[in-house]
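Here is what each chain is made of, one letter per residue.
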Amino acid sequence: MFLIASDHGGLDLKEHIKAYLKERGIEVRDLGTDNGDSVDYPDFGERVGKAISIGEAENGILICGTGIGMSIVANKFPGVRAALIWDEFTARMSKEHNNANVVVMGGRTLSEEKAGQMVGIWLDSKFEGGRHQKRLDKISQIEDDIRAGRL
């Protein structure tokens with residue numbers, strides 16, 4: 001199951017991506033927002049980040065105006081590897097090298113067509129492991145050290 005959420009700046013793109021995921025047979029749980037009223041992106045980034053961190057879901061998509069704010073919020077949660085993607089290359093690398101479990105996009109910076117293509121590339125890409133796993137292990141160690149008060 002995928003989680004998806006946006007603020008008002010990403011609402012239209014969120015609805016498009018949600019439909020795209022369903023067309024691909026992927027179960028999607030929408031964590032908001034549900035209308036165009038101004039909202040605070042941290043509230044929605046927190047919903048997805050927390051759910052991924054505690055294992056309620058394995059993957060998520062976040063969308064705000066630029067994607068920057070949602071990226072910052074989601075990456076506060078242990079175990080979340082949220083990657084801001086803006087083209088096909090960053091979509092592929094976010095999975096192949098970083099094994100991103102959350103992708104973040106800008107609703108005001110991408111067309112629906114481009115965003116759909118990028119999500120498709122991310123879904124179809126595979127984590128390469130190897131030297132990249134070693135780097136992810138280092139990130140996990142940093143998270144462990146922070147939780148234990150060593151950093």
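Asker: Before we move on, can you summarise the pairing of strand β3 (residues 59-64) with the specific residues and values?
Answerer: For a regular strand, side-chain orientation follows a simple rule: the groups alternate between the two sheet faces. Within β3, 6 of the 6 residues are buried, leaving the element largely enclosed by the surrounding structure. Here β3 shows two buried faces, one formed by Asn 59, Ile 61 and Ile 63 and the other by Gly 60, Leu 62 and Cys 64. Relative to β3, strand β1 (residues 2-6) runs parallel, the two sharing 5 bridges. Residue pairing for β3: Ser 6 is matched across the bridge by Ile 63.

Asker: Residue-level account of the side chain of Ser 71, with values.
Answerer: As for its position among the elements, Ser 71 is in helix α3 (residues 68-74). In this view, Ser 71 contacts Leu 84 and Val 104; residues no more than four positions away in its chain are not counted.

Asker: Can you break down helix α2 (residues 41-53) residue by residue, with the values?
Answerer: Relative to the 18 Å expected for 13 residues at 1.5 Å per residue, α2 spans 18 Å between its end C-alpha atoms, a close match to the ideal helical length. Among the residues of α2, those classed as buried are Phe 44, Gly 45, Val 48, Gly 49, Ala 51 and Ile 52. Buried residues along α2 cover an arc of 165 degrees about the axis, so they all sit on one side. Elements that come into contact with the buried residues of α2 comprise β1, β2 (28-30), β3, α3 and β5 (102-106).

Asker: Give a detailed account of the sheet that holds β2, specifying residues and quantitative values.
Answerer: Here 5 strands make up an open sheet; going across it, the order is β2-β1-β3-β5-β4 and the pairing parallel. One side of each edge strand has no neighbouring strand; the edge strands of this open sheet are β2 and β4 (82-84). The sheet shows a mean angle of 20 degrees between the axes of neighbouring strands, taken without regard to direction. Summarising the sheet, β4 and β5 pair through 3 bridges and their orientation is parallel. Bridge pairing in β5 links Leu 84 to Val 104. Contacts between helix α5 (residues 112-124) and the sheet are confined to β1, β3 and β5, with β5 contributing the most and set at about 165 degrees to the helix.

Reading guide: rules and limits
- Residues numbered from 1 in each chain as written.
- Predicted model: local features only at pLDDT ≥ 70, side-chain atom pairs only at ≥ 80, totals over all residues.
- Heavy atoms only, no water.
- Buried < 20%, exposed > 50% of the residue type's maximum accessible area, 1.4 Å probe, protein only.
- Helix = DSSP H or I, 4+ residues; strand = E, 2+ residues; numbered from the N terminus.
- Pairing = 2+ DSSP bridges.
- Contact = heavy atoms within 4.5 Å.
- Expected span 1.5 Å × (residues − 1).
- Arc of directions from axis to C-beta.
- Axes fitted to C-alpha atoms, helices over the stretch in contact; angles between N-to-C directions.

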